[in-house]
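What the coordinates show
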Amino acid sequence: MPADDRSRHLAVVAARAAADLKAREVIALDVSERLVLTDVFVVTSGSTERQVRAIVDTVEEAMHAEGVKALRREGVTEGRWVLLDYGDIVVHVQHDEDRVFYALERLWKDCPVVELPEDARGASGESGESTAEA
């Protein structure tokens, strides 16, 4: 069963918040058919640890405004790969290098992409190379 409307809405909220801080290549993947724990993965990246933490802060503020609190937060101190678990969605904010190395998009390539509005897609990588293909 595909992700429900609430999960899709929260994914857009998180994606827009990340895009507001120039997060790179924000994507959302419907993992509901593969995982029982969550419906949507939102994946994005930043060029520095400081930017990763700032994106995380902004996503948390936006989700709080929606009345949703993270059930679990991991990786905030290091600022390399932060996972925010909101139950219905999980937000992955990675450092650009870690995003290329771990390639979550490739790992979950069989999952449908959740369409995000233009203002929620973030910036493209500066090198012109897509991290989704790396």
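The shown structure was predicted, so the numbers you read here are calculated from the model rather than taken from an experiment.

Okay, the nonpolar core next. Counting residues in hydrophobic clusters, the biggest one holds 30 residues, and the most contacted among them are V40, V42, V59, M63, Y86, I89 and V91. Broken down by secondary-structure element, the contributors of at least two residues to this core are helix 1 (5-20), strand 1 (24-30), strand 2 (40-46), helix 2 (49-65), strand 4 (81-85) and strand 5 (89-95). What V91 contacts, discounting residues up to four positions off in sequence, is A14, V42, V59, V82, L83, L84 and Y86. I27, V31, W108 and C111 belong to the second-largest nonpolar core, a separate cluster that totals ten residues.

Turning our attention to helix 2. It helps to recall that an α-helix has 3.6 residues per turn; residues three or four apart then point in one direction. In this model, helix 2 (17 residues) spans 25 Å end to end at C-alpha, consistent with the 24 Å of a helix rising 1.5 Å per residue. Inspection of helix 2 places Q51, V52, I55, V56, V59, E60 and M63 among the buried residues, and these make up the whole buried set. On its buried face, helix 2 sits against helix 1, strand 2, strand 3 (72-74), strand 4 and strand 5. The first or second residue beyond helix 2 is G67, which carries a positive phi of 80°.

The next point concerns the environment of A19. Structurally, A19 is set in helix 1. For A19, a relative accessible area of 13% puts it in the buried group. Separated by 32 residues in sequence, A19 and Q51 place their C-alpha atoms 12 Å apart. Setting aside residues no more than four positions away along its own chain, A19 makes contact with V26, D119, A120, R121 and G122.

Another point: the pattern of salt bridges. Applying the stated criterion across every chain, the model contains eleven salt bridges. We note a salt bridge from E97 to R80, for which the minimum N-O separation is 3.1 Å. Placement of the pair is E97 in helix 3 (residues 96-102) and R80 in the loop between strand 3 and strand 4, with a sequence separation of 17 residues. A relative accessible area of 23% means that R80 is categorised as partly exposed. A salt bridge links D98 to R80, with the nearest nitrogen and oxygen atoms 3.1 Å apart. On the criterion of sequence distance, the pair formed by D98 in helix 3 and R80 in the loop between strand 3 and strand 4 is long-range, its members being 18 residues apart. A relative accessible area of 14% means that D98 is categorised as buried.

Time to look at the sheet that holds strand 3. The strand order across the open sheet formed by five strands is 1-2-5-4-3, and the pairing between neighbours is mixed. Each edge of the sheet is formed by a strand with only one pairing partner; in this case those strands are strand 1 and strand 3. When the angles between neighbouring strand axes are averaged without regard to direction, this sheet yields 10°. Examined bridge by bridge, strand 1 and strand 2 share five bridges and lie antiparallel to one another. Each residue of the ladder has a partner; that of L29, found in strand 2, is F41. On top of the sheet, helix 2 reaches strand 2, strand 3, strand 4 and strand 5; it is set at about 160° to strand 5, its chief contact.

Reading the values: rules and limits
Residues numbered from 1 in each chain as written. Predicted model: local features only at pLDDT ≥ 70, side-chain atom pairs only at ≥ 80, totals over all residues. Heavy atoms only, no water. Core = buried A, V, L, I, M, F, W, Y, C linked by side-chain atoms within 4.5 Å. Buried < 20%, exposed > 50% of the residue type's maximum accessible area, 1.4 Å probe, protein only. Helix = DSSP H or I, 4+ residues; strand = E, 2+ residues; numbered from the N terminus. Contact = heavy atoms within 4.5 Å. Expected span 1.5 Å × (residues − 1). Salt bridge = Lys/Arg side-chain N within 4 Å of Asp/Glu carboxyl O. Pairing = 2+ DSSP bridges. Axes fitted to C-alpha atoms, helices over the stretch in contact; angles between N-to-C directions.

Remember that the coordinates give geometry; whether it matters functionally is a separate question.
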